[in-house]
Amino acid sequence: MVLGGLGAGALAGAISASLEPASPTGAGPFAGWRAVLSDQTFGRAVGFTIAVTVTATAVATVLAVLLAAVLRRRSPSTRSFTAVPVAVPHLVIAALAVAWIGPGGIVERAFGSVPVTLVGDSLGLGIIAVYVVKETPFLALLVLAALGRDTDRLEEAAAAHGAGRMSRLRHVVVPAAAPALAGGAMIVAAFTLGATEVPYVIGPTRPGTIATYALDATRIDGPLATTHQAAALLVVTALAIVLAGVGAALWRVAHRGART
Amino acid sequence: MNARRKNLLTAGAVLVTVIAPLAMLVVQAFADQWHAPAILPQAYGTRGLHAVLDDPNLAAGITNSFFVALAATAVALVLGWPVARLVSATRHRAFGVGLLVIPLLIPQAAIGTGLSTWFLRLHLAGSLTGLTAAHLVQVLPYVTVALLTGFTPQLAQNEEAADSLGATALERFGHVTLPAMVPTAALAAALGFIVSWSQYGTSLVVGSGTPMLPLTMVPYLRHDPQIAAVLTLFFIVPPALAGALALRGTRQADRDVDPEAFRAPSPAGAHRAPNGPGCNPFPPPNQDCHDRTRREAAITP
């Protein structure tokens, strides 16, 4: 009830803030929405955010499956070591990335230059790299948790029937892990869509993400700053909800596949 | 691959991914003078440490973040416990988990913007109470889902056994439920602390200028690497300690498992931490127990 109240309250508050006629000039309740949706910078931020989110989630998901396949036969201490990035805040990983590969960082000092610009690059490669480092172990642990002894038995049976390693991975391991992976990937994508700290630290100034665009709106000298911010953030929320719908559909398909 | 090569590979991975980045942070934190292109600092000192401790804004950021994270975690454990218990007892567990994680879909800054409109009217904007309440929106789902992994069918059987032997509700909780849930609760608490400690967007909007560690840290990352490194070290220590303590508690509980407690549930064996159904309490070295992996997996992205 507390969670529902706070969550629904937050959404209702954001909707109310986005509609608030903050200007006495009679700009109307939808002025903030109109301004945001017609802003080219916002359009670029939407495209950039979706590209970064889809790429980071897809790469982390594929790497997580491979990592989980390697970790399945490893000792608990190796698994615990792999889980280290999961406990480290995103901001710390972004800070370490800047210290190592940023301008004047260790790599530049040691080799004279950095082969690929990751800090502040317009493609968002730095943001993607931070999310991949942070989320791959998280998704791998989810996959490992989903692979119980039933999967071991199925794999043994498949091996007895002559299935090779890749074939077992494709037809036994991936279907068994798919529901957990779909749910985990949905959470990762939702977080990536709305997070601000990593894009602020390692991302480009332009284009920003939708969330950084929204927070930067508060710096706009105008009475509609709050409505801009709320409207932009509601667009991210809507994207996350659409994503959740897709994730839930994928989860159902994967769940059915795993049961059959 | 032989054991020697495996050990070398593991040591190399630890060196590259954990020790080297942390060593770099420590060096940078005490590098009073470090001009490019020198690989090592020209002068060492404690300028960064003094700058952080002597600046009331930075010091307040650390203490505020710590107390808000502690409060949010404590409240989330109290509120999440009965919810986790309820969801674990339903037939539609996946649906319950799905409902619980819905707030995680709302971006932190959107939560902050939405709640600020109410908090301004309630005079909570910028207060530590308001920040704790705002953090709860994301802390509570994680803590509840983590607690959910502890309410196993085995625990329910042990509780029924205690009931049938005449234990009161308080005795059942003190002798069966609580000891069995300690490792999961420890991990849930660590998780809740880390989620709250790392909140950026929510704190930025709801805080109305109240210093919080992630907020005070970001401006220094590009402008003063030494102060940024000191703040990063402060930022990384509590989650590392929380994670290590939680994992240690989990390991200890797994080591303490009595196989008799799984064959014939009884109050005598019920005080042991239960694992999941069909889970070998004494797994071979290369096969971990599924339930421990589940607890370890219940960590924030």
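Calculation notes
Residues numbered from 1 in each chain as written. Chains lettered and ligands numbered in written order. Predicted model: local features only at pLDDT ≥ 70, side-chain atom pairs only at ≥ 80, totals over all residues. Helix = DSSP H or I, 4+ residues; strand = E, 2+ residues; numbered from the N terminus. Buried ≥ 20, exposed ≤ 12 C-beta atoms within 10 Å, placed from the backbone. Contact = placed C-beta atoms within 7 Å. Nonpolar A, V, L, I, M, F, W, Y, C, P; charged D, E, K, R; others polar. Core = buried A, V, L, I, M, F, W, Y, C linked by C-beta atoms within 7 Å. Axes fitted to C-alpha atoms, helices over the stretch in contact; angles between N-to-C directions. Left-handed = near helix turned anticlockwise from the far one by under 90°. Parallel < 35°, antiparallel > 145°, perpendicular 65-115°, else oblique. pLDDT = per-residue confidence, 0-100.

Student: Help me understand the overall build of chain A, please; the structure alone is not making it clear to me.
Tutor: When helices and strands are tallied, chain A shows 13 helices and zero strands. Going from the N terminus to the C terminus, chain A shows its helices and strands as α-α-α-α-α-α-α-α-α-α-α-α-α. With respect to the principal axes defined by its C-alpha atoms, chain A has extents near 75 × 50 × 30 Å. When burial is assessed residue by residue, chain A has 50% of its 260 residues classed as buried. If you take every contact in chain A between residues at least 6 apart in sequence, the share linking residues at least 24 apart comes to 74%.

Student: Please explain the overall build of chain B as it appears in this structure.
Tutor: Scanning chain B from terminus to terminus reveals 14 helices and two strands. Here chain B holds 301 residues, and the buried ones make up 50% of them. Taking all contacts inside chain B whose residues are at least 6 apart in sequence as the whole, residues at least 24 apart take part in 72%.

Student: Is there a simple way to think about unusual backbone geometry in this case?
Tutor: Residues and elements named next belong to chain B. With a phi angle near 60 degrees, H123 is a residue other than glycine that sits in the positive phi range. With respect to the element layout, H123 can be found in the loop between helix 5 (108–121) and helix 6 (128–148). Among the residues examined, H123 registers 10 C-beta atoms within 10 Å and is labelled exposed. Notably, S208 is not glycine yet its phi reads approximately 50 degrees, a positive angle. Along the chain, S208 falls in the loop between helix 9 (201–206) and helix 10 (213–223).

Student: What should I look at first to understand the interface of chain A and chain B in this one?
Tutor: On the side of chain B, 63 residues touch chain A, which itself brings 68 residues to the contact. Here the side of chain A that touches chain B takes twelve residues from helix 1 (residues 2–19) of chain A, the largest share from any one element. Looking at the side of chain A that touches chain B residue by residue, the class counts come to 47 nonpolar, 14 polar and seven charged.

Student: In this structure, what is going on with the nonpolar core? I would like to understand it.
Tutor: Across soluble globular proteins, you tend to see nonpolar side chains buried next to one another. Counting 158 residues, the largest nonpolar core has V143(A) and A190(A) as its most contacted members. Here V143(A) is in contact with A64(A), V65(A), A68(A), A177(A), A180(A) and L181(A), once residues within four sequence places are set aside.

Student: Quick question: what am I supposed to make of the packing of helix 3 (residues 40–71) of chain A against helix 10 (residues 165–194) of chain A here?
Tutor: Each pair of packed helices can be summarised by the angle the axes make with each other and by the distance between the axes. Residue and element names in this part refer to chain A. One can describe the packing of helix 3 onto helix 10 by two numbers: an axis separation of 9 Å at closest approach and a directional angle of 145 degrees. Viewed along their axes, helix 3 and helix 10 form a crossing whose handedness is right-handed. Taken together, the residues of helix 10 that come into contact with helix 3 (itself represented by T49, V52, T53, A56, T57, A60, T61, V65, A68 and A69) are L169, V173, V174, A177, L181, A185, V188, A189, T192 and L193. Residue composition of the contact of helix 3 with helix 10, grouped by class: 15 nonpolar, five polar and no charged.

Student: Explain the packing of helix 3 of chain A against helix 8 (residues 125–146) of chain A to me, please; I cannot follow it from the model alone.
Tutor: Residues and elements named next belong to chain A. Relative to each other, helix 3 and helix 8 sit at 45 degrees, their axes nearing to 7 Å. On the basis of the axis angle, helix 3 is oblique to helix 8. Considering the relative orientation of helix 3 and helix 8, their crossing is right-handed. Where helix 3 approaches helix 8, its residues V52, T55, A56, V59, A60, T61, L63, A64, V65, L67, A68 and L71 are matched on the opposing element by I127, I128, Y131, V132, E135, T136, L139, A140, V143 and L144. For the contact of helix 3 with helix 8, a count of residues per class yields 18 nonpolar, three polar and one charged.

Student: Sorry, what's going on with the confidence of the model for chain A here?
Tutor: When pLDDT is averaged along chain A, the result is 81, and 90% of the positions lie at 70 or above. Here helix 4 (residues 76–82) of chain A is the element of chain A with the lowest mean pLDDT, 73, and helix 11 (residues 197–202) of chain A is the one with the highest, 91.

Student: Please clarify how the environment of L67(A) should be interpreted in this entry.
Tutor: All names here are of chain A. Following the sequence through the fold, L67 ends up in helix 3. Spatially, the C-alpha atoms of L67 and T57 are 15 Å apart, while their sequence positions differ by ten residues. Ignoring anything within four residues of it in the chain, the contact list for L67 reads T136 and A140.

Student: I keep staring at the confidence of the model for chain B and nothing clicks. Help me out?
Tutor: Detailed reading of predicted coordinates is not advised where the pLDDT is low. Residues and elements named next belong to chain B. The predicted model of chain B averages 80 in pLDDT, with 80% of residues at 70 or higher. Contacts of residues 257–292 to residues separated by more than four positions or lying in other chains number 70 contacts, the stretch itself having pLDDT below 50. As a predicted assembly, this complex carries a pTM of 0.80 together with an ipTM value of 0.78.

Student: Before we go on, may I ask you to explain the environment of V87(B) in this structure?
Tutor: Residues and elements named next belong to chain B. Structurally, V87 can be placed in helix 3 (residues 56–89). For the pair V87 and V97, spaced ten residues apart in the sequence, the C-alpha separation amounts to 7.7 Å. Ignoring sequence-local partners within four residues, the contact set of V87 consists of R93, G96, V97 and L148.

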